[in-house]
Structures are given as structure tokens and as C-alpha cells.
Amino acid sequence: MSTHAATHDDVHHDDVPKGFVHRWLFATNHKDIGTMYLVLALVMFFIGGAMAMVIRAELFEPGLQLVQPYFFNELTTLHGLIMIFGAIMPAFVGLANWQIPLMIGAPDMALPRMNNLSFWILPFAFLLLLSTLFLPGGAAAGGWVMYPPLVLQSGESLAFTIFAIHLMGISSIMGSINIIATILNLRAPGVDLLKMPLFVWTWLITAFLLIAVMPVLAGAVTMLLTDKYFGTNFFNAAGGGDVLLYEHIFWFFGHPEVYVMILPAFGVISEVIPTFARKPIFGYKPMVYATASIAFLSFIVWAHHMFTVGLPVGAQLFFMYATMLISVPTGVKVFNWVATMWKGSMTFETPMLFAVAFVILFTVGGFSGLMLGLVPADYQYHNSYFVVAHFHYVLVTGAAFGIMTGVYYWLPKWTGHMYSERWGKIHFWLSVISVNVLFFPMHFLGLAGMPRRIPDYNVAFADWNMVSSIGGFVFGATQLIFVGNIIYSVYFAKSRAPARVWEGARGLEWEVPSPAPHHTYSTPPEIRPGMLAHGDVAH
Amino acid sequence: MSQQAGAYYVPHGSRWPIIAAVGLFIFMWGAAHWLDGIEPEGPLLLAAGAAILIFMFFGWFGEVARESMKGLYSDQVDLSFRMGMMWFIFSEVMFFGAFFGALFYSRGLQVPWLAGEGHGALTNLYLFRGYTGGWPTNGPDAIGGVFQTVPPWGEPLINTLILLSSSVTVTIAHHALRDGNRRRMLPWLVATPILGMLFVFLQAREYMDAYTHLNLTLHSGIYGATFFMLTGFHGLHVTLGSIMLWVIAYRAWRGHFSKEHHFAFEAVAWYWHFVDIVWLGLFLFVYII
């Protein structure tokens, strides 16, 4: 059996499967599956974005203009669920699918058929979730966190929403198992763990987080399901249960989930900044250890989402101090990015622009997070627009900018053509200005006392809401440029991209031609000095 | 067929994953309809989804078994499968962790708080005056009425012994397989799922007894909820594990496994040990303490 070590059983390496069904529905190729993940994420980004546009339009001025309050609540709930589980997570999994095998010299993902299953579950999961909009009683409207007892008052939508979340969880767990097996088992000889690109490292740790917490979310929503449909009393104080039990379990999932959405972005940024500063990353190993520390700490800080629920003071103090600790490894990362740029020969192509904006704006989101992590301060900010400002800085100018950085950086490798640098820069400048017009005023609104998740508000908040909405409309429209630029690069661009798309780029993915052939590395590549970005270069 | 020594193995495309995704969707869609009382669509969709999933399991696993026996899988592929199974079991551990967490939190914190301990004093004073907590409990409103718990030293103890011996039998079978002794392997391997099914049977009897004689139901406050959800999900896993063991026994009988190559056997054995260990946690924290 094991005399001939390995083979490809019937498809020749350069063959692209013929026909739509064979290529996409029966796909096992990591590049095709990565493409499908990225396209799904883009579609979901626009669906969730359209909901955000309606929300901002309603909040343009005080009073109820466009939508009914219940529908507004449905929109905020679905916007959150879709952006988290439908846009950001699949986009990062798409980047992982495309890039990890290329970056470690693997032929494909370790379990290619399971890879297909973990993708194809997702469109169905979102069909299930979005179908709730048309059910009697409307979609789930208790916020994406689905706190009981409020969410238990949902109509028919609750079962559909919960099963959709189960499906997303199954998909994430299978995707993560695949990523871990790929990284640990399929590295080419010579790509040692501490020579791996940082994007691969951050994904290894992210995948571990996902396997650890998605089942916990499944457990939490299953308890909601049995409380509503089978008469259990998990969250009913009269039966000895406690609504806070849900919040504890949910945030035990929820806080690592936050890092699931940001760690791969850290990885992308750690690839892009050295390329355009033309210097190796400053402090490679501390970057790895910082990522691992952040992941570990993410398991012991969950209750900082619940400071105002009436926890014992000792518990509040513990969670506050643990939260403050996270700023240490995060500070290491930001410091190392800046130190990488220090005295580098920098150029500012679109990916680098997004990466620099990421470092600055993510730090803004990090600082507002520190403010929220302080117990006495949180009593003031809790459930206000300050929270909305905070997590949009880390998720839009953090995670989403990280994804855009990665897409611009690797798009020429995927398509074989350059995107339009000019339109890329226009996309960047419009985005970075409008996103601050959109989210920065929310800090002021929150500090002044405007609560989140409301369709109408006191006239005192009118000015900044209008400013924020204008920023929102511009930011939303600007993303059409992004789509246009991707379509241009895929179908219309004339100029061929070289194998090493960026002058300063190092790593295995730049050793294969652009576009990367349908099957790369049918045999493990031979690693020569200078091919890897880390490990065989002087630091 | 390009057979190239030292090359990586990549499987060809497959229709099974998309069938699995569609089956899973129809199954979940039907389950949601049924819960909302939309009939007959709910049960019909659920049944259709289950049928597709069963068809898919036969098809997909059958294909993998055939490919494996053709010798297509390298040691590297074998290791990927092993990692996949290990991390899958880890995810299952975390799933049970959520319910164990619920149990510890309710017993250790929320019930004492409802009874007025610590910072729960005012809740007790204003809402639940006179509630003294303790465990087992069905809460201040005694939801579900007075109930008794299942005594641990009767059937649960027998069930513990059954599961522990089934872990022994599957290990003996594994050793026999590694020695290439098929005649010794088969009876021990078949004994394992029989013990598993005996466990499920006794568990079902215990449930009936709880419902009819002890008045311990799913509605019996937080105790009933944690008791039935923990033991219920565990029982479901024993049932699944037993089915997996029957499949493995059938494949072993057909001579699918060699001394060196029997990953499917080992994966199921790992799963069985995992189910066993979860039971020990249950026996200790749900029944005894």
C-alpha cells in the first residue's frame, strides 16, 4: 500500500474540470473553493451593507421616516449576523484557501472534499437565515447576540435562525479542521513552523479558536431552542435558571470570535508591510508569540461584555485586568509593524495604503476598546453608540480593511493581471475618509448618551447622526469601485502580472507564475535560500 | 492515472459534498418547520433530508473505503484523516463543555444567588422570598412539581460498568487486529456495539422511569434541563457511536482492514473512548455529586 507514496488518482495536474457542475459544485481545488468563498463574502458584504444603508437612512434625522421599529430591529440583527458569519469570516477562509497551500508549498488543502462541503453549507445557511424575513412574525430582531428572554419572544423565525447558526458553525469547524491539518501536515520540507509566513501562523491560531468556540455557540443556541420549544428552564429564574447563563456561554464564544475576525487580518498586514517597506518583518517570533498570547487571553475576558449585568465586584475586577493584559501583545504587534516601516524604502501601492490605514485606525478601535474595558467607564458607555463606534473601527477599518488589503495584494497572483492602481487609490481615499465620517461621530453620540439599536432618537443627537449617515452613504457607494476593480482585473485588464508581483515580496507564493496554475506543487517544492520571507534571512 | 513516486495525493472531484450540503439544508429546514408546527411540510422535509444524508453517508464513505483499499492513500493522507478526527473530537468536547459549564454555573452560582447568597440578596428578598436553593432544585416556582432524582448506584452504575467494559472490548479487538488475529477480533468487536445498545436501552428505561415514577422531566426546572440535555446528548452520541461500530464490524468481517491500515477502526475507537470519558464526567457530576 505505501510503497508508492502518493498519487493523483485520475485528474491530470493541469486539467481544469470541464463544465460548471464539475468545476464548482464538485470542486476540490483549493483555488476554486477559495474563489467561491470570496465571491460569497462579497455578495454577503453587499446584502449586509444594504441593510446598513437602510439603517443609516432611517437615522438620517430624528423621527420615524422609512421603516417600522420592528423591521429596524430585524435589520440591525441580520446586519450583524450577515457581516460576521457571511462576509468577514468567509472572506478570511477564502484568503486562507487560496493562500495557505501556496505559501507552504502544499498541493491543495489536506481534506479537499470536506473543503467543498464546508463551503457549500454556507449559501444554504444564509438562505435559511434570510428566509426568516418572509416568515409570519418576521426575522429574529433581538440583536445578533440573541439574548433571552427577548429573543424567545420571536415568532417562527427563532428555529430557522438557530438552525442557520448551527449550519454556519458546522461549516466553520470543518473549515478550521482542514486548515489545521493542512498547516501541520502539508508543509513542504524546509518550511518549518517558525519559518511559516505570519498569515499562516495567524490562521493556525484562528482555526484553533474556531474549533474551540463554535461548538460552545452551538450549545448556547441549542439551549435557546429547547427553552422555547421543549419547555426547559435554562434561562428562566423561576425554574432555577438564569438569563445571565446565556450571556456567559455566548460571550465565552463571542470574545474569541472577535479575535477570529481580527487575527487573520493581522496576518495579512504582517505580509504586506514588509513587502512595501522592503524589509523583513521586525520581530518575527514575538509576532507569533503575541498572536498566541492574544488567543489564550481571549478565553478569559468574556465577561467584559457584561459589566453592567450585576456581576460580583471581584469578577468585574478580574475581567477588567485580564482585558487590560490583551493590550500588551496587541501593542507588540502595532509596535512591530511600525518598526518594520521604520527606515524602510516605502512605496504606497493600494495594499500598502490599506495596511497603513489599518494600523492607525485599528489602533483607534483598540483604544476605545480599552476605554470600554474599564469597569467604571463602561458603566457610562455600555450599550451606547460608543460601543457601535468601537466595534466598527475594529471590524470595518480592522477586519474589512485587512481583507481589502489582502485582496489587492494577492489579486494579481490570482488573476494574472494587475488591478487598476488609479482606481484602487481612489477606492482607498474615498473609503478611508468616508469611513471616519461614518464612524467617528458615533463616539460623540455614544458619550453624549445615545443608545444603540434604536430607530428614533432625541433631537439633541441630530447633527452627528446626519454627518454619520452621509459618511455611510459615501462609504457604501465607494465599495462599488472595489467590485469594479476586481471585475476589471479578472476580465478586462491587459497588462500581465509577473510571478513576483511586488518588487519587495518574499515567500513561496511569489515563486509560482501569475496567475497561479490550477494545480500548484504536484511534488513538494525545493526550498532554496532566500525563497522564504522568514527564517533564512537576517533579522 | 499518473503514478508518481514522492508526489502529493489530491483526490478527484466528488458529488458527495454538495449532496451532503443539500441534505443537511433540507433536514434543518424541515426541523425548523416542524418545530413551528408547520405540518405536513416539516416532517416530510425532515424525512427527505435524513434520507439524503443516509444516502450520502453510504455513498461518500463507500467511495473513501474503496479508494483506501485500492491503496490510493499515502501515509500523509492517513495523517490528515487522523488530525481531522482528533480535532473533530475536540470540538465535541467543547460542545459538551457548554452544557457542563451550564451545570456548574447553575449549581455553583445562580441557584445560591437566587436563594439569597452573596449579591443575590435583593432578588431573593423581593422576588423569591423563602426560596432556599440547594441541589437538586427546580427553582423558586418549583416548575414541573416535586420530583426525585435517579439514584446513582442502580442503573447508572450498571451503565457505567457497561460502557467501561465496552471500552475494554474495543481495545482487545484493536490489539487482535494489530496481531492479525481476525478470529479473535470479530467477537470482541461485535460485543462493543451490543454493549453500547444495551447502554442506550437501559438509559431509555431510566428516562421512562424518571417520567412515570420520579416526576423528573425536561420541565423540572434547571435540574431537569441539565440532567436531560447532558445525558440526552450523551445517549445520542452513544447511539451514533454504536452505528459507527456496526459499520466497522461489518467492514472488518468483509476483511477491509489490514494489520497496518485500519484508520477507520481507530477513529471509531477514539470516538468510543471519548463517549466513555464524557459518561464518567456525567456519572460523577450529574448522578453522584
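Residues numbered from 1 in each chain as written. Chains lettered and ligands numbered in written order. Predicted model: local features only at pLDDT ≥ 70, side-chain atom pairs only at ≥ 80, totals over all residues. Heavy atoms only, no water.

**Quick look at the overall build of chain A**
Put simply, the rule reads: Strands are runs of DSSP state E lasting at least 2 residues, helices are runs of H or I lasting at least 4, and numbering of each runs from the N terminus. Note on method: radius of gyration uses C-alpha positions; expected globular size equals 2.2 Å times residues raised to 0.38. Relative accessibility decides the category of a residue: with a 1.4 Å probe and only protein chains considered, values under 20% of the type maximum give buried, values over 50% give exposed, and everything between is partly exposed. In this description, contact between two residues means that some pair of their heavy atoms is separated by no more than 4.5 Å. For the area figures, the Shrake-Rupley method with a 1.4 Å probe applies, and any residue is considered shielded solely by the protein chains shown.
Each helix and strand in chain A was counted, giving 14 helices and one strand. In terms of overall size, chain A behaves like a compact globule, its C-alpha atoms giving a radius of gyration of 23 Å where 539 residues would be expected to give roughly 24 Å. Along the longest, intermediate and shortest principal axes, the C-alpha atoms of chain A span 65 × 55 × 45 Å. Counting all 539 residues of chain A, 65% fall into the buried class. In chain A, of all internal contacts separated by at least 6 residues, the share reaching a separation of at least 24 is 83%. Accessible surface, chain A: about 17,900 Å² in total, of which carbon and sulfur atoms supply 71%.

**Comments concerning the overall build of chain B**
For the record, the criterion: We score Asp and Glu as negative and Lys and Arg as positive, and we do not count His or the chain ends. For the purpose of locating charges, the reference atoms are NZ of Lys, CZ of Arg, CG of Asp and CD of Glu.
Per the secondary structure count, chain B includes eight helices and one strand. Seen through its principal axes, chain B has C-alpha atoms that stretch 80 × 45 × 35 Å. In chain B, which comprises 289 residues, the proportion classed as buried is 52%. Within chain B, contacts between residues separated by at least 24 positions form 72% of all contacts whose residues are at least 6 apart in sequence. When the accessible area of chain B is evaluated, it comes to approximately 13,400 Å², of which 70% is carbon and sulfur surface. Looking at chain B, you have 14 positive and 17 negative side-chain charges, and the mean spots of the two groups are 12 Å apart.

**Details of the nonpolar core**
Inside soluble globular proteins, nonpolar side chains tend to come together where they are buried. Threshold: In plain words, nonpolar cores are sets of buried Ala, Val, Leu, Ile, Met, Phe, Trp, Tyr and Cys residues tied together by side-chain atoms within 4.5 Å. Where each domain starts and ends comes from a domain assignment, either automatic or drawn from a database.
Of all hydrophobic cores here, the largest spans 275 residues; its most connected members are Phe85(A), Trp203(A), Phe234(A) and Trp337(A). Among the elements that make up this core, the one with the highest residue count is helix α6 (residues 198-229) of chain A (22 residues). Both domain 1 (13-72) and domain 2 (75-288) of chain B contribute no fewer than three residues apiece to this core. Not counting residues up to four positions away in its chain, the partners in contact with Trp203(A) are Phe92(A), Val93(A), Ala96(A), Ile100(A), Ile179(A), Leu210(A) and Pro264(A).

**Overview of the interface of chain A and chain B**
Put simply, the rule reads: Simply put, the buried area is the total loss of 1.4 Å probe accessible area from both parts when two parts are fitted together. In the sections that follow, a salt bridge refers to a side-chain nitrogen of Lys or Arg positioned within 4 Å of a carboxyl oxygen of Asp or Glu.
On the chain B side, the residues contacting the 82 residues of chain A number 76 residues. Both faces considered, chain A and chain B share a buried interface measuring about 6,900 Å² in area, 70% of it formed by carbon and sulfur atoms. Linking chain A with chain B are two salt bridges, by the criterion used here. Across the pair Arg113(A) and Glu67(B) runs a salt bridge whose closest N-O atoms are separated by 2.9 Å.

**Considerations on the domain arrangement of chain B**
Each assigned domain of chain B is listed with its residue range as follows: domain 1 (13-72) and domain 2 (75-288). Taken over C-alpha atoms, the centre of domain 1 of chain B sits 25 Å from the centre of domain 2 of chain B.

**Remarks on a nonpolar patch on the surface**
Residues and elements named next belong to chain B. Where we set the bar: Exposure above 30% relative accessible area and the absence of a salt bridge qualify a residue for a patch, where like charges join within 9 Å and nonpolar side chains (Val, Leu, Ile, Met, Phe, Trp, Tyr) within 5 Å.
Together, Phe104, Trp153, Leu284, Phe285, Ile288 and Ile289 make up a nonpolar patch on the protein surface, roughly 580 Å² of accessible area in all. Residue position: Phe104 is located in helix α3 (residues 75-114). Here Phe104 falls in the partly exposed class, since its relative accessible area comes to 42%.

**Thoughts on unusual backbone geometry**
With an omega of 0°, the peptide bond running from Pro148(A) to Pro149(A) counts as cis. Here the amide bond leading from Trp135(B) into Pro136(B) is cis, since omega sits at 5°, within 30 degrees of zero. Relative to the helices and strands, Pro136(B) resides in the loop between α4 (121-126) and α5 (155-178). Even without a glycine there, the phi angle at Lys343(A) is positive, about 60°.

**A word on the packing of aromatic side chains**
Residue and element names in this part refer to chain A. Using the following cut-off: Pairing of aromatic rings covers Phe, Tyr and Trp, the last through its six-membered ring, and needs centres within 6.5 Å; plane angles under 30 degrees mean stacked, over 60 mean edge-to-face, and all others mean tilted.
Throughout the structure, instances matching the rule amount to 79 aromatic pairs over all chains. Plain terms: the ring middles of Phe250 and Trp251 are 5.0 Å apart, the flat faces sit at 90° to each other, and that makes the pair edge-to-face. Given a relative accessible area of 8%, Trp251 falls into the buried group. For the ring pair Phe266 and Phe358, a centre distance of 6.2 Å and an interplane angle of 85° mean the geometry is edge-to-face. In this pair, Phe266 is assigned in helix α7 (residues 243-277) and Phe358 in helix α10 (residues 350-373), connecting sequence segments 92 residues apart.

**A short note on α6(A)**
Applicable threshold: Here, expected helix span is obtained from the residue count minus one, scaled by 1.5 Å.
With 32 residues, α6(A) extends 46 Å from end C-alpha to end C-alpha; this agrees with the ideal 46 Å at 1.5 Å per step. With respect to burial, α6(A) is a largely interior element, 29 of its 32 residues being buried.

**Some thoughts on the environment of Thr222(A)**
In this fold, Thr222(A) is placed in helix α6. Distance in space between the C-alpha atoms of Thr222(A) and Ser384(A) is 29 Å, their sequence separation being 162 residues. Setting aside anything within four residues of it in sequence, one finds Thr222(A) in contact with His166(A), Phe95(B), Phe99(B), Met229(B) and Phe233(B).

**Overview of the pattern of salt bridges**
All names here are of chain A. Tallied over the full model, the rule gives eleven salt bridges over all chains. A salt bridge links Asp32 to Arg23; the shortest N-O distance between them is 2.8 Å. Classification of Asp32 by relative accessible area gives buried; the value is 3%. Residue Arg23 is classed as partly exposed on the basis of its relative accessible area of 24%. Put simply, Arg278 and Glu503 hold a salt bridge, and the shortest N to O gap is 2.7 Å. Taken together, the positions of Arg278 in the loop between α7 and α8 (284-297) and Glu503 in the segment after α14 (462-492) put the pair 225 residues apart, joining distant regions of the chain. Owing to a relative accessible area of 27%, Arg278 belongs among the partly exposed residues under this scheme.

**A few points about the environment of Tyr259(A)**
Residues and elements named next belong to chain A. The residue Tyr259 is located in helix α7 in this model. Judged by relative accessible area, Tyr259 falls into the buried class, the value being 12%. Along the primary structure Tyr259 and Ile205 are separated by 54 residues, whereas in three dimensions their C-alpha atoms are 9.8 Å apart.

**Let's talk about the confidence of the model for chain A**
In plain terms, the rule: A score from 0 to 100, pLDDT tells how confident the predictor is in each residue.
Per-residue confidence for chain A averages 94 on the pLDDT scale, and 97% of its residues sit at or above 70. The low-confidence segment residues 1-13 of chain A (pLDDT under 50) makes 44 contacts with residues lying over four places distant or belonging to another chain.

**Observations regarding the side chain of Thr397(A)**
Residues and elements named next belong to chain A. Which entries qualify depends on this criterion: Nitrogen and oxygen atoms within 3.5 Å of one another constitute a polar contact, given that in protein one can donate a hydrogen and the other can accept it, and given that sequence-neighbouring residues count only through two side-chain atoms.
As for its placement among the helices and strands, Thr397 is situated in helix α12 (residues 385-415). Polar side-chain contacts of Thr397 include one of 2.4 Å to the backbone oxygen of Tyr393. In this structure Thr397 touches Phe358, Leu361, Phe362, His392 and Val435, once residues within four positions along its chain are discounted.

**Overview of the packing of α3(B) against helix α7 (residues 221-253) of chain B**
Residues and elements named next belong to chain B. To keep things clear, this is the line we draw: To get an axis, fit a line to the C-alpha atoms, keeping to the stretch in contact for a helix; angles then go from 0 to 180 degrees between the N-to-C directions. Every angle not falling under 35 degrees, over 145, or within 65 to 115 is termed oblique; those three ranges are roughly parallel, roughly antiparallel and roughly perpendicular. Crossing handedness is read from the near helix: turned anticlockwise from the far helix by less than a right angle, it gives a left-handed crossing, and turned clockwise, a right-handed one. Gly is placed with the polar residues, together with every amino acid not listed as nonpolar (Ala, Val, Leu, Ile, Met, Phe, Trp, Tyr, Cys and Pro) or charged (Asp, Glu, Lys and Arg).
Where α3 meets α7, the closest approach of the two axes is 11 Å, and the angle between their N-to-C directions is 165°. With respect to each other, α3 and α7 are oriented roughly antiparallel. Once α3 is placed against α7, the crossing between them reads as left-handed. From α3, Glu92, Phe95, Phe96, Phe99, Phe100, Leu103, Ser106, Gln110 and Val111 reach across to α7, where they touch Ile222, Thr226, Met229, Leu230, Phe233, His234 and His237. Partitioned by chemical class, the residues of the contact of α3 with α7 number ten nonpolar, five polar and one charged.

**Considerations on the packing of helix α2 (residues 30-58) of chain A against helix α3 (residues 69-104) of chain A**
Residue and element names in this part refer to chain A. It is the contact of α2 with α3, at a shortest axis distance of 7 Å, that shows an interaxial angle of 155°. Taken as axis vectors, α2 and α3 run roughly antiparallel relative to one another. The interaxial crossing formed by α2 with α3 has left-handed handedness. Looking at side-chain class alone, the contact of α2 with α3 contains 25 nonpolar, ten polar and two charged residues.

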